[in-house]
Structures are given as C-alpha cells and as structure tokens.
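# Structural characterization, general
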Amino acid sequence: MILSKCHEAKYTKANRTMKDGSKEEFECPVAIEFYNKIMGGAELADQMANAYGLDRKSCKWWKKVFFPLLMSTVVNSWIAYSELKYQKPHFMISLYLLQKL
C-alpha cells in the first residue's frame, strides 16, 4: 500500500528484468515508478550493507561509528569492483568470513 499526495491513483507500464535476463512488462502505480526512478541505488546499498551484520555490542562510541563506515566502504568497493570486472557475489561473503577469523 502506498499513499501519495503528489500522484494520482493511476497505473503505468513498467519493465522488470527477470533472473534469466528476459524483460517482462507489468503494471505498477505511478507513485512507485516515480520513487524508483528518483531513488536510484541508495536503498540497494543500504540493503547490501545490512545483509552482513557487523553489529558489535559495545559501549565504545568509536566502534559504533567505525563498523557502519567499514561496511559502507565494503559495499562501495564491491560496487566499483563489479563495474570493472564480472559480478562476483562471493566478494562480500569472503570479506565477511575474513572478519570472523
């Protein structure tokens, strides 16, 4: 469900890329299409950063600042790496496993 004062309650056609690479056309509300067009990849980066929790139970303030910055650095480096090379999803997993050592 979505509520918007800026957009009418109409539907528009949107394309979605499936896992096999084919494109499928479907209907979605105008407000969601506008949101997806404006938002870009900010939510995707947040989603990737939160997939591998680096939560530390600590009272030290610098650790609460350091670990989210570290994870955003990892996500940004993975994005840069995947743009330069073929996409390798095990990049973040290997960094996560290194952190466990």
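A quick note: this is a predicted structure, and the numbers were derived from the prediction, not measured.

Averaged over all residues, the pLDDT of the chain is 76; the fraction at 70 or higher stands at 71%. Ranking the helices and strands of the chain by mean pLDDT puts strand 2 (residues 23–29) first, with 90, and helix 4 (residues 90–100) last, with 63.

A few words on the pattern of salt bridges. In total, this model carries two salt bridges according to the counting rule given. Between Glu 27 and Lys 13 there is a salt bridge, with its nearest N and O atoms 3.8 Å apart. Of this pair, Glu 27 sits in strand 2 while Lys 13 sits in strand 1 (residues 11–17), placing them 14 residues apart in sequence. Assessed through its relative accessible area of 52%, Glu 27 is described here as exposed.

Here the focus is a nonpolar patch on the surface. Where nonpolar side chains cluster on the molecular surface, the patch consists of Trp 61, Trp 62, Val 65, Phe 66, Leu 69 and Leu 70 and spans about 650 Å² of accessible area. Tracing the backbone through its elements, the reader meets Phe 66 in helix 3 (residues 61–84). Looking at Phe 66, the relative accessible area reads 42%, which means it is partly exposed.

In this structure, the second largest pocket spans a volume of roughly 160 Å³. Lining the second largest pocket are Ile 2, Leu 3, Ser 4, His 7, Glu 8, Ala 9, Lys 10, Tyr 11, Pro 29, Val 30 and Ala 31. Each residue belonging to the lining of the second largest pocket can be placed in one class, and the counts come to seven nonpolar, two polar and two charged.

About the criteria used
- Residues numbered from 1 in each chain as written.
- Predicted model: local features only at pLDDT ≥ 70, side-chain atom pairs only at ≥ 80, totals over all residues.
- Heavy atoms only, no water.
- pLDDT = per-residue confidence, 0-100.
- Helix = DSSP H or I, 4+ residues; strand = E, 2+ residues; numbered from the N terminus.
- Salt bridge = Lys/Arg side-chain N within 4 Å of Asp/Glu carboxyl O.
- Buried < 20%, exposed > 50% of the residue type's maximum accessible area, 1.4 Å probe, protein only.
- Patch = residues over 30% accessible without salt bridge, like charges linked within 9 Å, V, L, I, M, F, W, Y side chains within 5 Å.
- Areas by Shrake-Rupley, 256 points an atom, 1.4 Å probe, with all protein chains shown as cover.
- 1 Å grid on protein atoms, 1.4 Å probe; cavity = no way out; pocket = protein on both sides within 12 Å on 5 of 7 lines; lining within 4 Å.
- Points joined across faces, edges and corners; volume = space filled by probe spheres on them.
- Nonpolar A, V, L, I, M, F, W, Y, C, P; charged D, E, K, R; others polar.

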